[in-house]
Amino acid sequence: MEPLNVLMVGTGEYTTGFVGGGASASDKKVGVVALSMFDLRRRGKVGKLGMVGVNGKKFPAIREHLHKNITLAYNNLDTSFDSFPDNNTVDPDAYKSAIDALSPGDAITIFTPDTTHYPIALYAIQRGIHVMITKPAVKLLSHHLSLLAAAEKQTNPPVYVYIEHHKRYDPAYSDARFRALNGLGDFNYFYSYMSQPKFQLETFKAWAGIDSDISYYLNSHHIDICDSMVSAQGFRPTSVTASASTGIATSLGCDPSTEDTITLVVDWVQPSSGKRATGVYTASWTAPQKAGVHSNQYFHYLASNGEIRINQAKRGYDVADDSAGQLAWYNPFYMRYAPDEDGNFNGQSGYGYVSMEKFVDGCRAVNAGELRPEDLDKKGLPTLRNTIATTAILEAGRRSLDEKRAVGIEIGEDGVWRLV
């Protein structure tokens, strides 16, 4: 199969690890997207690479950052890419000229603020470009369905749209999903918690509480995991009630509307039997600065014949470092940055990387005529079609907070999802 040409849309933390003039203080100091794509190019799966942002003036510093932290760290790994706009230009619409430079069958990755996902993805889909979107796919159910309709219109060539829900590839979460679907019986209760430390609000201050919230950002992980476990059992969400706490983010200079912690309580129903289940999803970005982990993440799944408990914050691996002044629990299962014995990047089994490779492999298979996008839907991958419930729950949660009521989710006789 031919290598896939990829344009990376967004130049921030998840793409490059470059934040505020230097390496991120999070667990993504050299990013995920760009590093994975550079290595996939080394392996022959990716061809030309490009990157587009709003502020072209950042690119010289980004290139220096990538050269220092990737090229020199991994056996002279090639970190070259075409950039848009040029180094002297600021252009919020630069993504359009960058996408226009692509050919049908090429691909883009979108790691930008939530409100920009829809227009960028639609622009690419309409030009026959495959699309990966970071979670949440979009903020509105109507936008999700609109993108799905646009993608399904593209048949020559077909377009593959994939949502980057990397927690599906966490080995423990993946194994838990398999067990939930094989012998544990019907879904009854799910509780999850995911957090990030307060310093992340410095990274997100420009949009936190304005363009999006912590539920969209972090609850999207566990809502998708839960949906992937229970939708195959015939369960679907019917109602969402949200609650939120405030006061910490605003004291750190965030917008007055910024919530600290958001909890969604979701009613699930299995129409064939009338059985009901409850999902409780909590997310916070005001966790302690020195908790020893970048993200607390755990869930409890209860079914009719058993239960599952997973805590993926502390994985039996802790490091004490005098320079850090604390005990830290690292997660090499997500991105393993240690090189192999030849000095090459060696993190191909990390679930952050696996998610990128799954998208690239899917696009190449579609381009080669070996698979159609609907074949990838049937594989249970986090495609646009397979993530409708997650978007519906997230928007219902936002509306529940804003309108101070429970928000219903309906699937009409026409198969179309609606919020009521």
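Scroll up to find the structure this text is about.
Every chain begins its residue count from 1, and numbering advances along the sequence as written. With the structure being a predicted model, the display of local features is reserved for residues of pLDDT at least 70 and the display and counting of side-chain atom pairs for 80 or more, all residues being used for whole-chain, interface and lining totals. Hydrogens and water are ignored here; the side-chain numbers use all heavy atoms of the structure.

Chemist: Break down the pattern of salt bridges for me, citing the residues and quoting the values.
Modeler: Salt bridge, as used here: a side-chain nitrogen of Lys or Arg that lies within 4 Å of a carboxyl oxygen of Asp or Glu. All chains considered together, the criterion is met by 22 salt bridges. For the salt bridge of Arg 276 with Asp 267, the shortest nitrogen-to-oxygen distance reads 4.0 Å. Buried residues are those whose accessible area, probed at 1.4 Å on protein chains only, stays under 20% of the maximum for their type, while exposed residues exceed 50% and partly exposed ones sit between those limits. For Arg 276, a relative accessible area of 52% gives the class exposed. Overlapping salt bridges bring together Arg 43, Lys 45, Glu 357 and Asp 361 as one network.

Chemist: Before we move on, could you go through the layout of surface pockets and cite the residues and values that matter?
Modeler: Think of a 1 Å grid over the protein atoms and nothing else: a 1.4 Å probe that fits but is trapped marks a cavity, an open set flanked by protein within 12 Å on at least five of seven lines marks a pocket, and residues with an atom within 4 Å of a point count as lining. Grid points are joined across faces, edges and corners, and a volume is the space filled by probe spheres set on the points. Counted as a void, the second largest pocket has a volume near 280 Å³. Lining of the second largest pocket is provided by 15 residues; of these, Asp 227, Ser 231, Arg 385, Asn 386 and Ala 389 occupy positions nearest its centre. Within the lining of the second largest pocket, the residues separate by chemical class into six nonpolar, four polar and five charged. Each residue receives one of three labels: charged for Asp, Glu, Lys and Arg, nonpolar for Ala, Val, Leu, Ile, Met, Phe, Trp, Tyr, Cys and Pro, and polar for the others, Gly being one of them.

Chemist: Explain the sheet that holds strand β17 (residues 407–411) to me, using residue names and the numbers behind them.
Modeler: In sheet architecture, strand pairing relies on hydrogen bonds along the backbone and comes in two forms, parallel and antiparallel. Read from one edge to the other, the open sheet built from eight strands follows the order β14-β13-β9-β12-β11-β10-β17-β18, with strand pairing classed as mixed. The sheet is open, and its two edges are formed by β14 (306–311) and β18 (417–419), each paired on a single side. With direction set aside, neighbouring strand axes in the sheet form an average angle of 10 degrees. Strand pairing requires that DSSP identify at least two bridges connecting the strands. What counts as a helix is a DSSP run of H or I of at least four residues, what counts as a strand is a run of E of at least two, and both are numbered from the N terminus. Note that strand β10 (residues 236–245) and strand β11 (residues 261–270) share nine bridges and pair antiparallel. Following the sheet pairing, Ser 245 is matched in β11 by Thr 261. Interaxial angle, 0 to 180 degrees, is taken between N-to-C directions of lines fitted to C-alpha atoms, where a helix line uses only the stretch in contact.

Chemist: Break down the nonpolar core for me, with residues and values.
Modeler: Burial of nonpolar side chains together is a common tendency in soluble globular proteins. Side-chain atoms within 4.5 Å link the members of a nonpolar core, which is a set of buried Ala, Val, Leu, Ile, Met, Phe, Trp, Tyr and Cys residues. Core analysis: the biggest nonpolar cluster contains 80 residues, and Ile 108, Trp 268, Phe 299 and Tyr 301 have the highest contact counts within it. A total of nine residues in this core trace back to one element, the largest contributor, which is helix α9 (residues 214–230). Contacts between residues were defined by any pair of non-hydrogen atoms, one from each residue, lying within 4.5 Å. The residues contacting Ile 108, other than those within four sequence positions of it, are Leu 7, Val 9, Ile 99, Leu 102, Ile 120, Ala 124, Ile 129, His 130, Val 131, Met 132 and Phe 359. By size, the runner-up hydrophobic cluster in this structure holds 42 residues, among which are Ala 34, Met 37, Leu 66 and Met 132.

Chemist: Can you break down the pairing of β14 residue by residue, with the values?
Modeler: Bridge count for strand β13 (residues 297–303) against β14 is six bridges, and the pairing is antiparallel. If you follow Phe 299 over to β14, its bridge partner there is Ile 310. Connecting β13 to the next strand, β14, in antiparallel fashion are two residues.

Chemist: I'd love a proper account of the sheet that holds strand β4 (residues 46–52), names of residues and values included.
Modeler: Strands sit in the order β5-β4-β1-β6-β7-β8 across an open sheet of six strands; the sheet is parallel. Whereas interior strands pair on both sides, the edge strands pair on one side only; in this sheet they are β5 (82–84) and β8 (161–164). Strand-to-strand twist of the sheet, defined as the mean angle between neighbouring strand axes without regard to direction, takes the value 20 degrees. Of the pairings in the sheet, the one linking β4 to β5 comprises three bridges and is parallel in character. Bridged to Val 52 within β5 is Phe 84. Running at roughly 145 degrees to β5, helix α3 (residues 59–71) makes contact with β4 and β5 of the sheet. Of the strands in this sheet, β1 (4–9), β6 (107–110), β7 (130–134) and β8 touch helix α5 (residues 117–125), which is tilted by about 170 degrees from β7.

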